Amino acid sequence: MFPWIEAFNARVASLSFFPIIASIHKRHGQKLLSLVCLLPLLGSVAEGLMGQLGARPWFRAMGEMGEIALAMLIACLAITPLVQAFDWKFLYPWRRTFGLFAFFYAILHVLARAMDLGLDLGAIMEGMFTNPFLLTGFLAFLVMVPLAVTSTKKMMATLGGKRWRLLHKLTYVAAILAIAHALMAGKAGYINFLPQAVILAILLLWRLVYPTLRKAMQKPQG
Ligand code: HEM
């Protein structure tokens, strides 16, 4: 870790109100984060109830849920690099919360699409395996299923840490597929989701260079 980051962390830890924040985070952090993650859904429901979702409310809701699912997936992937770069270990439990909410919003995204298509199975499945846009979305969703199923401590113990970690590298595959899907969405997908694509590329790059960076920083001086 860089010395200035160590100094920054020490400075924050020495603040008078830090123990209070740390204690609130320890006792209620997960619940508070879950509440924050639910806010976009509450926002969409409120919009829907007030009739602000336009002429095709389910289509609008589908777009909103897809965007949040992608954002949660990226947030989940950002945790490990943030811990590695800043030593903010308190963020680790957030990874699972963001990951599970990404899956939750992906389910809502798929359900909203089914509602938009009047629950017509033929229309829902049309192009699913032939249209690259739909196929990437479908595959992203499929990859997220084993990740969500194995997210519990019990499953981690059953699989063993090494296999579990290997399996959860699939989060990157899910995110790459989801970003490809989003970039192909609508007419302006390429423009709208470019920032998310850049963030994902940076996170991937970080994971690739971090082992080398760490080794270089651990080398004895002189
Ligand atoms: C079976 C799986 C999926 C299907 C059938 C599906 C289908 C769709 C459809 C029809 C759209 C609207 C395209 C348009 O605006 O014309 C869309 C947009 C989108 N989807 Fe999916 N999707 C799936 C999975 C996913 C997953 C897993 C994610 C993210 C984790 C995701 C993220 C998005 C995003 C970000 C958009 C763009 C929303 C916007 O334009 O505001 N999708 N998807």
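In this text the structure is predicted, and so the values were computed from the model without any measurement. Every residue gets a number counted from 1 within its own chain, in the order that chain's sequence is written. The predicted origin of the model limits local features to residues at a pLDDT of at least 70 and limits the giving and counting of side-chain atom pairs to 80 or more, whereas totals for whole chains, interfaces and linings rest on all residues.

K.L.:
Quick one: what's the story with the overall build of the chain, residue by residue and with numbers?
P.N.:
Helix and strand content of the chain: 11 helices and zero strands. The helix and strand sequence of the chain, counted from the amino end, reads α-α-α-α-α-α-α-α-α-α-α. Each principal axis of the C-alpha atoms in the chain carries an extent, and together these give about 65 × 40 × 35 Å. Whether a residue is buried, exposed or partly exposed follows from its count of other C-beta atoms within 10 Å of its own C-beta, namely 20 or more, 12 or fewer, or something in between, respectively; the C-beta atoms are built from the backbone. A burial count over the chain gives 21% of its 222 residues as buried. C-beta atoms are first placed from the backbone for all residues, and any pair lying within 7 Å is then listed as a contact. Looking at the chain alone, contacts between residues at least 24 apart form 66% of all its contacts between residues at least 6 apart. Runs of H or I in DSSP of at least four residues are treated as helices and runs of E of at least two as strands, each being numbered from the N terminus.

K.L.:
So what about the packing of helix α3 (residues 57-86) against helix α9 (residues 170-183)? Which residues, and what values?
P.N.:
At their nearest, the axes of α3 and α9 sit 10 Å apart, and the two run at 145° to each other. The two elements α3 and α9 cross, and the hand of that crossing is left-handed. Residue-level contacts link Gly66, Leu70, Leu73, Ile74, Cys76 and Leu77 of α3 to Thr171, Tyr172, Ala174, Ala175, Ala178, Ile179 and Ala182 of α9. Amino acids outside the nonpolar list (Ala, Val, Leu, Ile, Met, Phe, Trp, Tyr, Cys, Pro) and the charged list (Asp, Glu, Lys, Arg) are all regarded as polar, and Gly is one of them. Looking at the contact of α3 with α9 residue by residue, the classes come out as 11 nonpolar, two polar and no charged. Between N-to-C directions, angles cover 0 to 180 degrees, with each direction set by a line fitted to C-alpha atoms, over the stretch in contact for helices. Working rule for handedness: look at the near helix, and if it is turned counterclockwise from the far one by less than a right angle, call the crossing left-handed; if clockwise, right-handed.

K.L.:
Describe the site of the ligand, listing the residues and the values that go with them.
P.N.:
Residues are counted as near a molecule or strand when the C-beta atom, derived from backbone positions, lies within 6 Å of that molecule or strand. Surrounding the ligand, one finds 22 residues, the nearest of these being Gly63, Gly66, Gly137, Ala182 and Gly186. Where the shell around the ligand is concerned, the elements lending two or more residues are α3, α4 (92-116), α6 (132-149) and α9. Among the elements that line the shell around the ligand, the one with the most residues is α3, at seven residues. Class assignment of the residues belonging to the shell around the ligand gives a composition of 14 nonpolar, six polar and two charged.

K.L.:
Could you give an account of the nonpolar core, with specific residues and numbers?
P.N.:
Judged by nonpolar contacts, the single largest core of 33 residues is most densely connected at Ala69, Met72, Leu73, Ala102, Tyr105 and Ala178. Only α3, α4, α6 and α9 provide two or more residues apiece to this core. In terms of residues, this core owes the most to one element, α3, which gives 12 residues. Those residues in contact with Met72 that lie beyond four places of it in its chain are Cys37, Phe98, Phe101, Ala102 and Tyr105. As used here, a nonpolar core is made of buried Ala, Val, Leu, Ile, Met, Phe, Trp, Tyr and Cys residues. They are joined through C-beta atoms within 7 Å.

K.L.:
Before we move on, could you go through unusual backbone geometry and cite the residues and values that matter?
P.N.:
Of note, Asp87 is a non-glycine position whose phi angle comes to about 60°, a positive value. Non-glycine residue Leu119 carries a positive phi angle of around 55°.

K.L.:
Just give me the short version of the environment of Gly29, but keep the residues and values in it.
P.N.:
The residue Gly29 is located in helix α2 (residues 18-49) in this model. A C-alpha to C-alpha distance of 8.7 Å links Gly29 and Trp94, two positions 65 residues apart in sequence.

K.L.:
Residues and numbers for the environment of Ile107, please.
P.N.:
Looking at where Ile107 falls in the secondary structure, it is placed in helix α4. Residue Ile107 is classed as partly exposed on the basis of its C-beta count, with 16 C-beta atoms lying within 10 Å. Once the C-alpha coordinates of Ile107 and Ala123 are considered, the two residues, 16 residues apart in sequence, prove to be 18 Å apart.

K.L.:
Can you tell me about the packing of α3 against helix α11 (residues 194-218), naming the residues and giving the values?
P.N.:
Contact geometry for α3 and α11: axes closest at 10 Å, N-to-C directions at 30°. Here α3 is positioned roughly parallel relative to α11, judged by the angle of their axes. Considering only the axes of α3 and α11, their crossing is left-handed. In this structure, α3 contributes Leu70, Ile74, Leu77, Ala78, Pro81 and Gln84 to the contact, and α11 contributes Gln196, Ile199, Leu200, Leu203, Trp206, Arg207 and Tyr210. In what follows, roughly perpendicular refers to angles from 65 to 115 degrees, roughly parallel to angles under 35, roughly antiparallel to angles over 145, and oblique to any angle outside these ranges.

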